[in-house]
Amino acid sequence: QVQLVESGGGLVQAGGSLRLSCVASGLTVRTYAMGWFRQAPGKEREFVGAIIWSGRRTYYADSVKGRTTISGDGPTSTVDLQMNTLQHEDTAAYYCAATPYYRRSLTQREVYDYWGQGTQVTVSS
């Protein structure tokens, strides 16, 4: 059974940083791409970034590019999302997701098969 468990959310001041983690179990991480999405109240779930384990390729949404880093650790099956210079607009529930590495369109939530339960990030202005 595949499980994705996020952690690291919380309350942070604008301009601060936060590191979210997602631990995957029940899947072979080197054959998956891991994505991060977020959803603010009343809004659609949107792509934040993704990493393909093989080749360590990363992709980021324009809204977070330059202040966000996704990294993965194979032995622990963990993927981290480091976000800096947080803004009020970053307030959302953050979710990690997994899809086979060969899938295209990693920015689209529909291609992901597995999802975590989410972790809340609140940025105070």
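Treat the numbers as computed from the prediction; the structure is a model and nothing was measured.

What follows is about the packing of aromatic side chains. On inspection of all chains with the given rule, the structure shows six aromatic pairs. With a centroid separation of 6.4 Å and 50 degrees between ring planes, the pair formed by Tyr32 and Tyr114 is classed as tilted. Of this pair, Tyr32 sits in strand 4 (residues 32-39) while Tyr114 sits in strand 10 (residues 114-115), and the two are 82 residues apart along the sequence. Residue class for Tyr32 comes out buried when judged on its relative accessible area of 14%. Using a relative accessible area of 30% as the deciding quantity, one classes Tyr114 as partly exposed. Here the aromatic residues Phe37, Phe47, Tyr112 and Trp115 are joined through ring pairs into a cluster of three or more. Directly above the ring of Tyr95 sits Arg45, whose terminal nitrogen or CZ lies 3.7 Å from the centroid. Sitting over the ring of Trp115, Arg45 keeps its end group 4.9 Å from the ring centre.

By volume, the largest pocket amounts to about 160 Å³. Taken together, the residues of the lining of the largest pocket sort by class into two nonpolar, two polar and five charged.

By the definition in use, this model includes one disulfide. The disulfide bridge from Cys22 ends at Cys96, spanning 2.0 Å between sulfur atoms. The S-S bond linking Cys22 to Cys96 shows a torsion near 50 degrees; that makes this disulfide right-handed. Of the two residues, Cys22 sits in strand 3 (residues 18-25) while Cys96 sits in strand 9 (residues 92-100), which places them 74 residues apart along the sequence. There is no split in this pair, since Cys22 and Cys96 are both buried.

What follows deals with the nonpolar core. With 38 residues, the main nonpolar core has Met34, Trp36 and Tyr94 as its most contacted residues. Going through the elements one at a time, strand 3, strand 4, strand 5 (46-52), strand 8 (78-83), strand 9 and strand 11 (119-124) are the ones with two or more residues in this core. Filtering out sequence-adjacent residues up to four positions away, Tyr94 remains in contact with Glu6, Leu20, Trp36, Phe37, Arg38, Val48, Leu81, Met83, Gly118, Thr119 and Val121.

Let us look at the side chain of Thr99. In this fold, Thr99 is placed in strand 9. Among the polar contacts made by the side chain of Thr99, one reaches the side chain of Arg103 at a distance of 3.1 Å. Polar contacts involving the side chain of Thr99 include one to the main-chain carbonyl oxygen of Val111, which spans 2.7 Å. Leaving out residues up to four positions away in the same chain, Thr99 has contacts with Tyr32, Ala33, Leu106, Val111, Tyr112 and Asp113.

Conventions used here
- Residues numbered from 1 in each chain as written.
- Predicted model: local features only at pLDDT ≥ 70, side-chain atom pairs only at ≥ 80, totals over all residues.
- Heavy atoms only, no water.
- Phe/Tyr/Trp six-rings, centres within 6.5 Å; stacked < 30°, edge-to-face > 60°.
- Helix = DSSP H or I, 4+ residues; strand = E, 2+ residues; numbered from the N terminus.
- Buried < 20%, exposed > 50% of the residue type's maximum accessible area, 1.4 Å probe, protein only.
- Lys NZ or Arg CZ within 6 Å of the ring centre and 35° of its normal.
- 1 Å grid on protein atoms, 1.4 Å probe; cavity = no way out; pocket = protein on both sides within 12 Å on 5 of 7 lines; lining within 4 Å.
- Points joined across faces, edges and corners; volume = space filled by probe spheres on them.
- Nonpolar A, V, L, I, M, F, W, Y, C, P; charged D, E, K, R; others polar.
- Disulfide = S-S within 2.5 Å.
- Core = buried A, V, L, I, M, F, W, Y, C linked by side-chain atoms within 4.5 Å.
- Contact = heavy atoms within 4.5 Å.
- Polar contact = N/O pair within 3.5 Å; in protein donor to acceptor, adjacent residues only side chain to side chain.

By themselves, these figures tell us nothing about what the structure is for.
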